[in-house]
Amino acid sequence: MITQRYGIFGSIYLKAERKIVFFGNIKNNNFLCITFICSYIHTFGKYIFMKRYFAGVDIGGTHICGALINSSDGNIYRNKVSKIAVDAQGSASEIFQAWQTLVLTLLNEPVMISGIGFAIPGPFNYADGICAIEGVRKYDALFGINICEEIRKIFPNRSLPVAFINDASGFAMGEFYAGAAQESSRTLVVTLGTGFGSTFLNNGTVQTCGADVPPNGYLYNIRYKKSIADDYFSTRWIVWRWEELTGEKVSEAKPIAEKALAGNEKAIALFDEFAKNLAEFISPFLNDFQADTFVIGGNIARVSGLFLPQLIENLNRRGLISIRVKTCELWEKAPIIGAAMQLKAFQLSELERKTDQFLAPEKAQPTLPGQYDIYPVFPLGFGKIESGVSELSQWIAEQKSVVIDCYEGVCMKQLVAQLADELNKTGKKIRWRHIETALHSSEKIEEIIRPYMGEENSIFGKITDKSLIDFFDADKLKKIQPDEDADINILVGCGAALAGWNAPLIYADLPKNELQFRMRAGSALNLGADTTYDSRVMYKRAFFVDWVVLNKHKANLLPDIEWIIDAQRPCRLLSMRGADLREGLSEMSRNFFRVRPWFEPGSWGGTWMRNRIEGLNKEVNNLAWSFELMVAENGLMFESDGYRLEVSFDFLMFNNYREVLGDCAERFKYDFPIRFDFLDTFDGGNLSVQCHPRPEYIKEQFGMPFTQDETYYILDCQNEPVVYLGFQEGIDSEMFHLELIKSEKTASPVDIEKYVQKHPAKKHDLFLIPNGTVHASGKDNLVLEISSAPYIFTFKMYDWMRLDLDGRPRPINIEHGMKNLYFERQGQKVIDEHICRPTVIDQNGDATVEHLHTHPAQFYDVHRYTFSREIQINSNNKCHVWMLVEGRSVTVETAEGRKQRFNYAETFVIPAAAKSYVIRNEGDGKAIMVKAFVKH
């Protein structure tokens, strides 16, 4: 072989029958030979420095046009434009056959093609290439279809882009790169024809938002005189105005223009009026955008000599003397060039996540005894989890139709691409449809969710009573049907199962931590949103609306899931059968489970977790929280052959809440009632002075079924730590209120100890914080919060005048707090009722059991076990939440014979259905464990 004898060789494929092969000797550094197998001779150097071309395609209603565009200057290769007729009312297969024929014509040219761009009218998901056109008697058959994947069937190299742009924007981009807008930095391009199109270009980039452009860059829908701009700057106005002036009815503007060119005074006056109106309307937008060039295109621009001089004159009168006003130069070629040249700035994006924490590995090994495991698993046995999409694709290839539903934030584009690459190898005709095209408009969805979003500047909303179906247009849903011409129809997206296809179901899940990391980075949007928001607003919308409706939907789907996909690693997907998922959940519900924790920094965050827990990013400034057990935020990891597939914790509750919760199952149902989490202030700062809502308040204001009662268990501490808890004897509540308000307004400090008690803290102390109690952890504590499940309903009233990690003040909720505080919790009453004094309730051999009584207002209780060897526990139909708070590690063995190790500071759960189990100490010294459970 050449590679065995010579150090390098290469080949450039131009077409299947044209190939250049060259090879060289590294030692002698010269070429031994150059062989051409071509239908004509080219020099070697010409190909080394070959020009790069983009294919540009303009999708019209009766035909499509395309050309190859020189990527450096926007010129058309050989000035050759290909054109093919298309029946826009035909079937999807007929339309794609025409489109693909034209694209193949371009691909067969002997040049290096580096991508394909399409200019296509909307509505259309341009980022993902999904058609949303419907109800206009053009391309209705394409509604919901993934156009990008149709093109990938003939252009499969995913390292080269396929991109889409609005036809009006493509027109503007074409004029910028090769026409009237060249050398312009800020350009407004309008098209005047059957409608009024507009595009704002900032150095060749389409600008659709900002203070200097109207929303979406649209001008057509802006009020002008008695109607909107579209009614004045289109053929409609010319035809209507002519009839009003003369009584003559015409169907188009052409005969009127001909009359004006022939000297008809009324026709000339009409175009003068058109120019005056356009100058009056467009001037503020040219001025706000600080445009240097104004380009006019469209059919009306073909007779620009009738109005352009008057337009310029009117603009000059309005002070816009320096703006260049020009008629377009490229006409029908502009959108072709613009579609291609958009690829100059196109980047094949990787999914972004905004966090300093690592993505969970697809494979990991258990930690050593005593070492906290950040990726805990429940073992399923061998051969249950698949890596990649090969086996899943083989299964799909055997189906006629498939539905792939998912949680929000799943990168469906990459999931579809991987499956499509495998399925296209089968030679079957695959048709991909996307349910998102049946969603209501983002404006309509904003209207639907508004009652649940609370005050604009508040972090609190109200739990929605809506369902996922409420986000969809029923008529559009009916239009998303399988294509009879396709061998396999695949419907994908969040809510895909709502289309009602008679097809097997695949579900792609995403852990909540990864969803939030993607949202913060702008890689994931809220349900039905078309843009990102402030991260706090996105989280509020997710918590109070999105997750509520998506969780209800997921609960309904669980019994029918054929395959489950862990989508947190878009390029390394893990999957398993739905039956194995449900069986694994059921085994968990009879034995034990530990959720996967996740960790977050905070303005007061500490160093204990960062320094002591292996596998975390040690480069972060601090870690403030560890979400140890929260049904809304955590996931569960299954293990098979070393692979770790994660699903959301709520899957377990949907499938087995009765087995998990036992005697309180119907009271809480899917809401796991107890929360464990860490608050780390080691070497950090004090938590905010805060309280939590009373039960009736959280229900009325926020729609929550029960409130946020807490306890602080001091797992570790250093120096002379304290806990702020309860009011000072004789507190003046009004003075406290006024001083908090003053501090928020003037950023002045509050002498908080004047109002709030400060208690020394030591390891294994328990502080009781029922709703309405003022409290805060001081610095140098590692607090284990043993609490009821709600976790975001914290009314911060004083935050030590510090900023959040994003440089903004943290939200302060003084008025909410004042409405919920119990000011009678003051003085000695706090010491007597809110600082736990353990009592021994059982002593058997080397084991001691203490009751760490909680407050009467709290529905859960805590027991503490100290033992050297082992303890035998009966569940008594109660769910037990455990943590080893002193010692190295323990093993749990259940009545079914399953065994699992749990290490120091790890939270784990023994469901009620486990009935009985043994916990064995693996350390040399005594083990100390705390157990939380629902009281009655």
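Draft legend 1. Layout of unusual backbone geometry. Residue Gly122 is joined to Pro123 through a cis peptide bond whose omega torsion reads 0°. Mapping Pro123 onto the fold places it in the loop between strand S7 (112–120) and strand S8 (124–125). Of note, Asn719 is a non-glycine position whose phi angle comes to about 60°, a positive value. Note that Asn719 resides in the loop between strand S32 (710–717) and strand S33 (722–727).

Draft legend 2. Region of interest: helix H19 (residues 650–661). Here H19 spans only 13 Å end to end across 12 residues, well under the 16 Å set by a 1.5 Å rise per residue. Of all 12 residues making up H19, 9 are buried, and the element is well covered by its neighbours. Among the residues of H19, those classed as buried are Asp650, Phe651, Leu652, Met653, Phe654, Asn656, Tyr657, Val660 and Leu661. Gly662, located one to two residues past H19, shows a positive phi value of around 65°.

Draft legend 3. Structural context of the sheet that holds strand S4 (residues 52–59). Pairing within the open sheet is mixed, and its 5 strands lie in the order S6-S5-S4-S7-S10. The two strands at the open ends of the sheet, each matched to only one other strand, are strand S6 (82–85) and strand S10 (162–166). Neighbour to neighbour, the strand axes of the sheet diverge by 20° on average, direction disregarded. For S7 and S10, the ladder comprises 5 bridges, and the chain directions are parallel. Paired with Phe118 across the two strands is Phe164, which belongs to S10. Of the strands in this sheet, S7 and S10 are in contact with helix H5 (residues 167–178), which crosses S10 at around 100°.

Draft legend 4. Just the environment of Thr426, in detail. Locating Thr426 in the fold gives a position in the loop between helix H12 (412–423) and strand S21 (430–434). It is 54 Å that separates the C-alpha atoms of Thr426 and Ile786, two residues lying 360 residues apart in sequence. From its side chain, Thr426 meets the backbone nitrogen of Lys428 in a polar contact 3.2 Å long.

Draft legend 5. Region of interest: helix H15 (residues 512–521). The element H15 is largely enclosed, with a buried count of 8 among its 10 residues. Those residues of H15 lying buried are Lys512, Asn513, Glu514, Leu515, Gln516, Phe517, Arg518 and Met519. Tucked into the core, H15 has its buried residues touching helix H16 (535–557), strand S26 (598–600) and H19. Phi for Gly522, located one or two positions after H15, is positive at around 80°.

Draft legend 6. Spotlight on the sheet that holds strand S44 (residues 889–894). Taken in spatial order, the 4 strands line up as S42-S47-S44-S45 in an open sheet, and their pairing is antiparallel. Two strands lie at the open edges of the sheet, namely strand S42 (870–874) and strand S45 (899–903), each paired on one side alone. For this sheet the average axis-to-axis angle between neighbouring strands, irrespective of direction, equals 25°. As defined by bridge partners, S44 adjoins strand S47 (residues 916–921) across 5 bridges and the pair is classed as antiparallel. Within S47, the residue paired with Thr894 across the bridge is Tyr917.

Draft legend 7. Inspection of the packing of helix H8 (residues 265–289) against helix H9 (residues 308–317) at higher detail. Orientation of H8 relative to H9, taken along the N-to-C sense of each, is 45°, at an axis distance of 8 Å. With respect to their mutual orientation, H8 and H9 come out oblique. Judged by the sense of rotation from one axis to the other, the crossing of H8 with H9 is right-handed. Residues Asp272, Ala275, Lys276, Leu278, Ala279, Ile282, Ser283 and Leu286 of H8 pack against Gln310, Leu311, Asn314 and Leu315 of H9. Taken together, the residues of the contact of H8 with H9 break down into 7 nonpolar, 3 polar and 2 charged.

Thresholds, definitions, all that
Counting of residues starts from 1 at the beginning of each chain's written sequence and follows it residue by residue. The predicted nature of this model means local features are confined to residues of pLDDT at least 70 and side-chain atom pairs, given and counted, to a pLDDT of 80 or more, with totals for whole chains, interfaces and linings taken over all residues. Only hydrogens and water are set aside when side-chain values are computed; all heavy atoms of the structure are taken into account. Strands here are runs of E lasting at least two residues and helices are runs of H or I lasting at least four, both read from the DSSP assignment and numbered beginning at the N terminus. Helix span, expected: 1.5 Å multiplied by one less than the number of residues in the helix. Burial classes: relative accessible area under 20% of the type maximum marks a residue as buried, over 50% as exposed, and values in between as partly exposed (1.4 Å probe, protein chains only). Between any two strands, at least two bridges found by DSSP are needed for them to pair. Lines fitted to the C-alpha atoms define the axes, with helices restricted to the stretch that makes contact. Angles between their N-to-C directions range from 0 to 180 degrees. Residues are treated as being in contact if the distance between any of their heavy atoms lies within 4.5 Å. Identification of polar contacts relies on pairs of N or O atoms within 3.5 Å, with a donor-acceptor requirement for protein atoms, meaning one able to donate a hydrogen and the other able to accept it, and with residues adjacent in sequence counted only if both atoms are side-chain atoms. Here the angle decides the label: under 35 degrees means roughly parallel, over 145 means roughly antiparallel, 65 to 115 means roughly perpendicular, and every other value means oblique. By the definition used in this description, the sense in which the near helix is turned from the far one sets the handedness, with an anticlockwise turn below a right angle giving left-handed and a clockwise turn giving right-handed. Lys, Arg, Asp and Glu make up the charged group, whereas Ala, Val, Leu, Ile, Met, Phe, Trp, Tyr, Cys and Pro make up the nonpolar group; the residues left over, Gly among them, are polar.

These figures capture arrangement, not role.
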